[in-house]
Amino acid sequence: MKVIKVKNYEELSRTAATIIAGVILSKPDCILGLATGSSPVGTYDQLAAMYEEGILDFSHVKSVNLDEYEGLARDHDQSFGYFMDQLFFSKVNLKEENIFLVDGAADAAKQEKRFNDFLKDNKIDIQILGIGNNGHIGFNEPDSYFTASAHKVELAEETIKANARFFEKESDVPRSAITMGMYGIATAAKVILVATGAAKAPAIKKLLESDHVDPQLPCSILHICEDATVIVDKDLYELTK
Ligand code: GLP
């Protein structure tokens with residue numbers, strides 16, 4: 001697992017976008033694994049800017065998103081599908097038929113199957129990850145085991161509290177979600193995790209301290225990924241020492 005220390009959020013976003021751009025340029029029909037949350041927003045801005053400048057072409061790229069809240073349809077303004085539409089898909093030339101999103105409003109069991117069928121047929125070339133304060137990736141919460149397949153998950157209390165900032169009130173945050181499991185993440189050819197902000201320090205500290213693969217720290221799966229890079233800003237890195 002490589003660790004890249006950067007000056008600030010701007011440099012973090014440029015670094016992540018440069019790595020992703022490299023994959024798209026060398027494989028125009030690559031499969032991008034995408035994440036939501038505030039951490040990758042700058043990366044998406046950078047990628048959209050590279051598209052505007054004519055450096056990147058997404059017309060053959062496929063995408064798959066990590067997760068979605070159960071009960072929220074793509075047109076719900078707190079759904080991850082809506083987030084992706086607003087902050088990325090509307091700014092690049094990815095084709096609608098090449099975008100894989102879980103439909104949070106549809107039957108969860110059917111969506112899990114659809115997600116697992118997709119992952120069976122489509123190996124991710126590069127997966128971008130943020131990280132929850134408790135070390136979760138996607139919505140793989142700390143537990144006594146890892147789940148390999150895409151699955152429905154009950155969100156940890158801590159996650160509901162952390163994500164409440166995007167909703168009007170905490171009780172509006174859905175209690176469950178459908179997430180890619182560790183199979184999709186661990187079999188990606190490349191994984192990059194972007195982390196910024198003091199709240200992430202305890203999880204990043206544990207991740208950097210040992211190479212234990214511990215389901216209580218879901219991001220520790222990166223230790224067994226073939227090509228994993230963690231990008232952290234200087235302020236966060238200082239807090240992990
Ligand atoms: C959600 C998402 C994660 C994301 C996390 C952190 O829980 N499911 O994929 O990494 O939020 O979000 P942020 O980057 O806003 O801190």
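Source: prediction; values computed, not measured.

## Let's talk about the nonpolar core
- Counting residues in each nonpolar core, the largest one holds 68 residues, and the members touching the most others are Phe 58, Phe 88 and Leu 193.
- When residues of this core are assigned to their parent elements, the largest contribution, 7 residues, is made by helix α1 (residues 9-26).
- Look past the residues within four positions of Phe 88 in its chain and what remains in contact with it is Leu 34, Tyr 44, Leu 47, Phe 58, Phe 83 and Leu 94.
- In this structure, Ile 160, Ala 164, Val 173 and Ala 177 belong to the second largest nonpolar core, which totals 11 residues.

## As for the pattern of salt bridges
- According to the stated counting rule, one finds 16 salt bridges in the structure shown.
- For Asp 125, the salt bridge identified is with Lys 27, shortest N-O distance 2.8 Å. Of the two residues, Asp 125 is situated in the loop between α4 (108-121) and β6 (126-129) and Lys 27 in the loop between α1 and β2 (31-34); the sequence distance between them amounts to 98 residues.
- For Asp 125, a relative accessible area of 13% gives the class buried.
- A relative accessible area of 36% means that Lys 27 is categorised as partly exposed.

## Topic: the site of the ligand
- Around the ligand, the surrounding shell holds 13 residues, and the nearest of these are Ser 38, Ser 39, Asp 67, Arg 165 and Lys 200.
- Separating an oxygen atom of the ligand from a side-chain N or O atom of Ser 38 is a distance of 2.6 Å.
- Within the backbone of Ile 131, an N or O atom sits 3.1 Å from an oxygen atom of the ligand.
- The fraction of the free accessible surface of the ligand (390 Å²) that becomes covered by protein chains is 95%.
- Looking at side-chain class alone, the shell around the ligand contains 2 nonpolar, 8 polar and 3 charged residues.

## Quick look at the sheet that holds β2
- An order of β1-β10-β9-β6-β2-β3-β5 is seen for the 7 strands of this open sheet, with the pairing classed as parallel. Each end of this open sheet is capped by a strand with a single partner; those strands are β1 (2-6) and β5 (99-100).
- The pairing of β6 with strand β9 (residues 190-195) spans 4 bridges and is classified as parallel. Directly across from Ile 128, in β9, lies its bridge partner Ile 192.
- The strands that α1 touches are β1, β2, β6, β9 and β10 (228-233); relative to β9, the one it contacts most, it runs at about 165°.

Here is what the cut-offs are and how they apply
- Residues numbered from 1 in each chain as written.
- Predicted model: local features only at pLDDT ≥ 70, side-chain atom pairs only at ≥ 80, totals over all residues.
- Heavy atoms only, no water.
- Core = buried A, V, L, I, M, F, W, Y, C linked by side-chain atoms within 4.5 Å.
- Buried < 20%, exposed > 50% of the residue type's maximum accessible area, 1.4 Å probe, protein only.
- Helix = DSSP H or I, 4+ residues; strand = E, 2+ residues; numbered from the N terminus.
- Contact = heavy atoms within 4.5 Å.
- Salt bridge = Lys/Arg side-chain N within 4 Å of Asp/Glu carboxyl O.
- Near = heavy atom within 4 Å.
- Polar contact = N/O pair within 3.5 Å; in protein donor to acceptor, adjacent residues only side chain to side chain.
- Areas by Shrake-Rupley, 256 points an atom, 1.4 Å probe, with all protein chains shown as cover.
- Nonpolar A, V, L, I, M, F, W, Y, C, P; charged D, E, K, R; others polar.
- Pairing = 2+ DSSP bridges.
- Axes fitted to C-alpha atoms, helices over the stretch in contact; angles between N-to-C directions.

Honestly, it's all geometry; don't read function into it.
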